[in-house]
Amino acid sequence: MKKKLTKMMSVILMIALVLSVAGCGTAQDKSGKTANSAAQKKIGIIQIVEHPSLNTIRESIIEELAAKGYKDGENITIDYQNAQNDQSNLKTIAKKFVNNKYDLIIAIATPSAQAVVSETKDIPIIFSAATDPVGSGLVKDMNNPGANVTGTSDRVSAEKIMELAKRITPKITTIGALYNTSETNSVSVIENLNEYAKKNNMTVVNATVTNSSEVQQAVNSLVGKVDAIFSPIDNTIASAMPIVTQTANKAKIPVYVGADSMVKDGGLATYGINYTILGKETADMAAEVLNGKKAGDIPVKTMSEMDIYLNKNTAKAIGISFPEDVLKGAAQVFGD
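Residues numbered from 1 in each chain as written. Predicted model: local features only at pLDDT ≥ 70, side-chain atom pairs only at ≥ 80, totals over all residues. Heavy atoms only, no water.

Visitor: Would you mind going over the pairing of strand E2 (residues 76-82) in detail, with residue names and values included?
Guide: Bridge count for strand E1 (residues 41-47) against E2 is seven bridges, and the pairing is parallel. Bridged to Lys42 within E2 is Thr77. Assessed by its sense of winding, the connection that carries the chain from E1 through helix H2 (residues 52-67) to E2 is right-handed. (Pairing = 2+ DSSP bridges. Helix = DSSP H or I, 4+ residues; strand = E, 2+ residues; numbered from the N terminus. Right-handed = clockwise from strand over helix to strand, strands pointing away.)

Below, the structure written as structure tokens:
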């Protein structure tokens, strides 16, 4: 009797153990799929440096992804890394994303995109704010990127910005080109500036830098030599705009720039794009990839809508007034 009882107890214990293990398993939802069967997708966001334009893009991307149902901490995990404008940091971050087998990498600004493109041919890459995607080696064709890469371009027209400059400060004949020679995105726009200057009997004086510590000296070198300064969407210059505007304002030199945030930070004016919209367009592409589309099958998006951005405080500091038609046509006027 004791043996039978012991045997029955053993069977009962085994059944209880099996049920306990099953209870710890993953529950099924109404569709029949297990609740944990779809693991959170991992998205790496790499940004070359912190400055308002790039920050706006990043914030807009995350916000738009959430609006499309991809929310950080819920069904996706976002790992944001800032390289502090250091190329070696970019490489380290890119390697980390690739080694950890992230599902998607979003690269903000050309140097960031170049870093990740050189590390993987498999993980989908969406770049944002790459001024010259073909010239910088990110894609071979804007309409048919192929491979694992696509994204958005923030290319602006130096010609159109200079046409705006002539409306505001019509007497300028000598332009100081302030940019980082290592940023291919800047070099391509400066080439456009040189073409415009040649056609319009203007002179371009180059003041180039390789890092932000050289910006002050570069601006000083232009004082007394130029009627105005032009800087494209250059990450190094954008991150040092307070230094640029402080020196230029003191010398009463107008600074025309390539981005709305650079105007907000003290540049006089630009004819450029809205970076919030650029971020949303980038997020739309990212969502397509997360939904299963191949990155290389999505054409690179260029921004067709351009707007005028002005800074009243800067205009006052250098002693000029915006023409009424320019003010009326502006999408945004910063300052009092």
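Visitor: Summarise the environment of Glu281; cite the residues concerned and give the values.
Guide: Tracing the backbone shows Glu281 in helix H11 (residues 275-290). For Glu281, a relative accessible area of 24% corresponds to the partly exposed category. Measuring from C-alpha to C-alpha, the distance between Glu281 and Lys301 comes to 7.7 Å, with 20 residues separating the pair along the chain. Not counting the four nearest positions on each side in its chain, Glu281 is found in contact with Thr152, Lys301 and Met303. (Buried < 20%, exposed > 50% of the residue type's maximum accessible area, 1.4 Å probe, protein only. Contact = heavy atoms within 4.5 Å.)

Visitor: I'd like to hear about unusual backbone geometry, residue by residue, with values.
Guide: Residue Lys101 is not a glycine yet carries a positive backbone phi of 55°. Residue position: Lys101 is located in the loop between helix H3 (87-99) and strand E3 (104-108). The exposure class assigned to Lys101 is exposed, which follows from its relative accessible area of 64%. Even without being a glycine, Ala109 presents a positive backbone phi close to 90°. Structurally, Ala109 is set in the loop between E3 and helix H4 (110-117).

Visitor: I'd like a rundown of H4, residues and numbers included.
Guide: Within H4, seven of the eight residues are buried, which leaves the element mostly enclosed by the surrounding structure. Taken residue by residue, H4 has Thr110, Pro111, Ser112, Ala113, Ala115, Val116 and Val117 as its buried positions.

Visitor: How would you sum up the pairing of strand E12 (residues 307-311)? Please name residues and give values.
Guide: With respect to burial, E12 is a largely interior element, four of its five residues being buried. Alignment of strand E10 (residues 269-272) against E12, held across four bridges, turns out to be antiparallel. Across the sheet, Gly272 pairs through a bridge with Asp307, a residue of E12. Bridge count for E12 against strand E13 (residues 330-334) is four bridges, and the pairing is parallel. Note that in E13 the partner of Asn311 across the bridge is Phe334.

Visitor: Would you mind going over the sheet that holds strand E11 (residues 301-302) in detail, with residue names and values included?
Guide: If you walk across this open sheet you meet the six strands as E2-E1-E3-E4-E5-E11, and the pairing is parallel. Looking at strand neighbours, the two that pair on one side only are E2 and E11, the edges of this open sheet. Set on the sheet, H2 makes contact with E1, E2, E3 and strand E4 (125-128); between it and E1 the angle comes to about 165°. Those strands touched by H4 are E1, E3, E4 and strand E5 (149-153), and its axis lies near 145° from that of E3. (Axes fitted to C-alpha atoms, helices over the stretch in contact; angles between N-to-C directions.)

Visitor: Go over the confidence of the model for the protein with me, naming the residues and quoting the values.
Guide: In the predicted model, the protein carries a mean pLDDT of 89, and 89% of its residues have values of at least 70. Below pLDDT 50 for its whole length, residues 15-38 participates in eight contacts with residues either more than four positions away or in separate chains. (pLDDT = per-residue confidence, 0-100.)

Visitor: Provide a residue-level description of the nonpolar core, including the pertinent values.
Guide: One broad rule of soluble globular proteins: the nonpolar side chains tend to lie buried together. Judged by nonpolar contacts, the single largest core of 106 residues is most densely connected at Ile43, Met162, Ile168, Leu193, Ile229, Phe230 and Tyr256. The greatest single-element share of this core, amounting to eight residues, is contributed by H11. Apart from residues no more than four positions distant in its own chain, Ile229 is found in contact with Gly176, Leu178, Val219, Leu222, Ala248, Ile253, Pro254, Val255 and Tyr256. (Core = buried A, V, L, I, M, F, W, Y, C linked by side-chain atoms within 4.5 Å.)

Visitor: So what about the packing of aromatic side chains? Which residues, and what values?
Guide: Per the stated rule, a full pass over the model turns up one aromatic pair. When the ring of Phe97 is compared with that of Tyr102, the centres are 5.0 Å apart and the planes differ by 25°; the resulting orientation is stacked. Across the pair, Tyr102 and Phe97 agree in class, each one buried. Of note, Arg58 hangs over the ring of Tyr80, and the distance from its end group to the ring centre comes to 4.2 Å. (Phe/Tyr/Trp six-rings, centres within 6.5 Å; stacked < 30°, edge-to-face > 60°. Lys NZ or Arg CZ within 6 Å of the ring centre and 35° of its normal.)

Visitor: Account for the side chain of Asn148, naming residues and giving values.
Guide: Looking at the element boundaries, Asn148 is found in the loop between E4 and E5. On the basis of relative accessible area, Asn148 is assigned to the buried category, the value being 7%. Among residues more than four places away in sequence, those in contact with Asn148 are Thr120, Lys121, Asp122, Ile123, Pro124, Ile125 and Ala295.

Visitor: Tell me about a negative patch on the surface, and name the residues and values.
Guide: The grouping of Glu159, Glu163, Glu191 and Glu195 at the surface amounts to a negative patch. Elements with a contribution of two residues or more to the negative patch: helix H5 (158-168) and helix H6 (184-199). Tracing the backbone through its elements, the reader meets Glu191 in helix H6. (Patch = residues over 30% accessible without salt bridge, like charges linked within 9 Å, V, L, I, M, F, W, Y side chains within 5 Å. Areas by Shrake-Rupley, 256 points an atom, 1.4 Å probe, with all protein chains shown as cover. Salt bridge = Lys/Arg side-chain N within 4 Å of Asp/Glu carboxyl O. Lys, Arg positive; Asp, Glu negative; His and termini not counted. Charge placed at Lys NZ, Arg CZ, Asp CG, Glu CD.)

Visitor: Outline the pattern of salt bridges, listing residues and values.
Guide: With the rule as written, the count across this model stands at six salt bridges. Taking the shortest distance from any N to any O, the salt bridge between Asp284 and Lys68 comes out at 3.3 Å. Here Asp284, found in helix H11, pairs with Lys68, found in the loop between H2 and E2; they are 216 residues apart in sequence, far enough to count as distant. Under the relative-accessibility criterion, Asp284 is labelled partly exposed at 24%.

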